[in-house]
Amino acid sequence: MNFSLNLLVSTKAAASEFNSKRALIREAIYLHYNRLAPSDLATPGRRERIRRRLVAKLDREIVHGKVKGIIFQEFYTR
């Protein structure tokens, strides 16, 4: 799996924290999507539900602010 993303956060402190926790957050994203079956991503509604769950999971990792969203620039599996 390979991806590139922008994480939308609520404060500059959260952005700084994201940079210091980049490896942990990347691992959380890998594990989140690695556990899914292709059918979990088959419809737009299911993909959005998965994305919301990921935002909630990442929001728990960031202490100094909130994770508001994720914008994937690239996302593919091999």
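All of the points below concern the structure found in this document. Predicted model only: the values in this text are computed from it and were never measured. (Residues numbered from 1 in each chain as written. Predicted model: local features only at pLDDT ≥ 70, side-chain atom pairs only at ≥ 80, totals over all residues. Heavy atoms only, no water.)

## Thoughts on the packing of aromatic side chains
Let me state the cut-off plainly: Paired rings are identified among Phe, Tyr and Trp, the last through its six-membered ring, by centres lying within 6.5 Å, and are further divided according to the angle between planes into stacked (under 30 degrees), edge-to-face (over 60) and tilted (the rest). A run of H or I in DSSP counts as a helix once it spans at least four residues, and a run of E counts as a strand once it spans at least two, with each numbered from the N terminus. Summary of the burial criterion: residues with accessible area below 20% of their type's maximum are buried, those above 50% are exposed, and those between are partly exposed, where the area comes from a 1.4 Å probe applied to protein chains only.
Taken as a whole and assessed by the stated rule, the structure comprises one aromatic pair. Between tyrosine 33 and phenylalanine 72, the aromatic rings sit 5.9 Å apart at their centres with planes inclined by 85 degrees, giving edge-to-face as the arrangement. Highlighted residues: tyrosine 33 in helix H2 (residues 22–34) and phenylalanine 72 in strand E2 (residues 67–76), separated in sequence by 39 residues. Like tyrosine 33, the residue phenylalanine 72 is buried in the burial classification.

## Quick notes on H2
Where we set the bar: A helix is expected to reach a length of 1.5 Å times the quantity of its residues less one. It is the directions from the helix axis to the C-beta atoms whose arc is reported.
If you check H2, its first and last C-alpha atoms are 18 Å apart, about what 13 residues at 1.5 Å a residue would give, namely 18 Å. Of all the positions in H2, only Ile25, Ala28, Ile29, His32 and Tyr33 are classed as buried. On an axial view of H2, the arc spanned by its buried residues comes to 120 degrees, and they lie on one face. Turned more than 90 degrees from where H2 packs its buried face, Ala23, Leu24 and Asn34 sit exposed.

## Quick word on the nonpolar core
Formally: Think of a nonpolar core as a cluster: buried Ala, Val, Leu, Ile, Met, Phe, Trp, Tyr and Cys residues, connected wherever their side-chain atoms sit within 4.5 Å. By definition, residues are in contact when any of their heavy atoms lie within 4.5 Å.
Core analysis: the largest hydrophobic core is formed by 17 residues, its most contacted members being Leu5, Leu7, Ile29, Leu54, Leu58, Ile70 and Phe72. Residue assignment for this core shows that the elements contributing at least two residues are strand E1 (2–9), helix H1 (12–20), H2, helix H3 (44–61) and E2. With residues near it in sequence (within four places) discarded, phenylalanine 72 still touches Phe3, Ser4, Leu5, Tyr33, Arg51 and Leu54.

## Quick notes on the side chain of histidine 32
Our working definition: Pairs of N or O atoms are called polar contacts if they sit within 3.5 Å, as long as, within protein, a hydrogen donor faces a hydrogen acceptor (for residues adjacent in sequence, only side-chain-to-side-chain pairs).
Relative to the helices and strands, histidine 32 resides in helix H2. Histidine 32 gets classed as buried once you look at its relative accessible area, which sits at 8%. Reaching out from histidine 32, the side chain makes a polar contact with the backbone oxygen of isoleucine 50 at a distance of 3.1 Å. Side chain to side chain, histidine 32 and lysine 57 meet in a polar contact 3.1 Å long. Residue contacts for histidine 32: discarding those within four places in its chain leaves Ile50, Arg53, Leu54 and Lys57.

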